[in-house]
Amino acid sequence: AVVSTQSTGGLLGTTLPNGAFKPGILEQFMGKEKTSSVALAAANEAENSGRYDDAIKLFDIAGEYDKVLSVLNNRLSALVVTTPINAHERANLLALARSIQSQYKTKGIFDDKPIANKMTIASLDYTFELLLNIAYYFDLVNAGKREEATKLMDALGLLPRSSETEDILARTEHFKHLDQGIKRILPDLLLNAMDLLT
């Protein structure tokens, strides 16, 4: 299988650091459309077998950019809170996520998507950006930068800033519309924010 080889980039193509795509060998013989189909099948295989980094890269090659964000969001939600056990995996995932963030913004990757997909993509992108900001919040906390961390959390608007009923109701309403991946980590955020106040 393509996904089990160490030369996926050579076969299917790879995205360069500047965001440009370098086609692989298969595209020369099969054409872009068939190569994308191969990449998509390999991406699904990788995701189903738990090889998420491979899946993300292969979905990107296949042009399934919304699926890239979907898999990234699921992984970020699981790893955004730093622990000694997940530190290395988390660092690798964040490096990949920030690389994709930069590439997609540079290329305006979602600008020409069909209108029907725009709401889904907007939601995925919002969750993606929010998860990266939450990861940065935990990085600030772990670096002892409490004031910066508190300012960032206030800016994200996830937690009430006061005990005023209006503020609490506004945050509660906002919570209802958040992705499940964000909801899952809010207890960690709340406990962490409370620790910063002590």
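Above this text is the structure in question.
To start, this report covers the structure provided alongside it. (Residues numbered from 1 in each chain as written. Predicted model: local features only at pLDDT ≥ 70, side-chain atom pairs only at ≥ 80, totals over all residues. Heavy atoms only, no water.)

**Overview of the nonpolar core**
Argument step 1. Core analysis: the largest hydrophobic core is formed by 49 residues, its most contacted members being Ile56, Leu72, Leu76, Ile134, Tyr137, Leu158 and Leu189.
Argument step 2. Sorting the residues of this core by element identifies helix H3 (32-48), helix H4 (52-61), helix H5 (65-79), helix H6 (87-107), helix H7 (115-142), helix H8 (146-156) and helix H10 (180-197) as the ones contributing at least two each.
Argument step 3. With near-sequence residues (within four places) excluded, Ile56 lies in contact with Val68, Val71, Leu72, Leu93, Leu96 and Ile100. (Core = buried A, V, L, I, M, F, W, Y, C linked by side-chain atoms within 4.5 Å. Buried < 20%, exposed > 50% of the residue type's maximum accessible area, 1.4 Å probe, protein only. Helix = DSSP H or I, 4+ residues; strand = E, 2+ residues; numbered from the N terminus. Contact = heavy atoms within 4.5 Å.)

**Here's the deal with the packing of H4 against H5**
Argument step 1. At their nearest, the axes of H4 and H5 sit 8 Å apart, and the two run at 160° to each other. Considering their axes alone, H4 and H5 lie roughly antiparallel with respect to each other. Of the two possible hands of crossing, H4 and H5 adopt the one that is left-handed. Contacts between H4 and H5 involve Tyr52, Ile56, Phe59 and Asp60 from the former and Tyr65, Lys67, Val68, Val71, Leu72 and Arg75 from the latter.
Argument step 2. Across the contact of H4 with H5, the residue classes tally to 7 nonpolar, no polar and 3 charged. (Axes fitted to C-alpha atoms, helices over the stretch in contact; angles between N-to-C directions. Parallel < 35°, antiparallel > 145°, perpendicular 65-115°, else oblique. Left-handed = near helix turned anticlockwise from the far one by under 90°. Nonpolar A, V, L, I, M, F, W, Y, C, P; charged D, E, K, R; others polar.)

**Brief notes about the packing of aromatic side chains**
Argument step 1. Applying the stated criterion across every chain yields a total of 2 aromatic pairs.
Argument step 2. On the numbers, 5.3 Å between centres and 80° between planes, the contact of Tyr65 with Tyr104 is edge-to-face. Of this pair, Tyr65 sits in helix H5 while Tyr104 sits in helix H6, and the two are 39 residues apart along the sequence. There is no split in this pair, since Tyr65 and Tyr104 are both buried. (Phe/Tyr/Trp six-rings, centres within 6.5 Å; stacked < 30°, edge-to-face > 60°.)

**Concerning a nonpolar patch on the surface**
Argument step 1. Where nonpolar side chains cluster on the molecular surface, the patch consists of Leu190, Leu191 and Met194 and spans about 290 Å² of accessible area.
Argument step 2. Tracing the sequence through the fold places Leu190 in helix H10.
Argument step 3. Exposure remark for Leu190: the relative accessible area of 41% places this residue in the partly exposed category. (Patch = residues over 30% accessible without salt bridge, like charges linked within 9 Å, V, L, I, M, F, W, Y side chains within 5 Å. Areas by Shrake-Rupley, 256 points an atom, 1.4 Å probe, with all protein chains shown as cover. Salt bridge = Lys/Arg side-chain N within 4 Å of Asp/Glu carboxyl O.)

**Thoughts on the pattern of salt bridges**
Argument step 1. Taken as a whole and judged by the stated rule, the model has 8 salt bridges.
Argument step 2. Of the charged contacts, one joins Glu47 and Lys67 as a salt bridge, the two residues approaching to 3.4 Å between their closest N and O atoms. A residue pair is termed long-range when its members are at least 10 positions apart, and Glu47 in helix H3 and Lys67 in helix H5 qualify at 20 residues.
Argument step 3. Taking the shortest distance from any N to any O, the salt bridge between Asp139 and Arg98 comes out at 4.0 Å.

Geometric descriptors of this kind do not, in isolation, establish any biological role.
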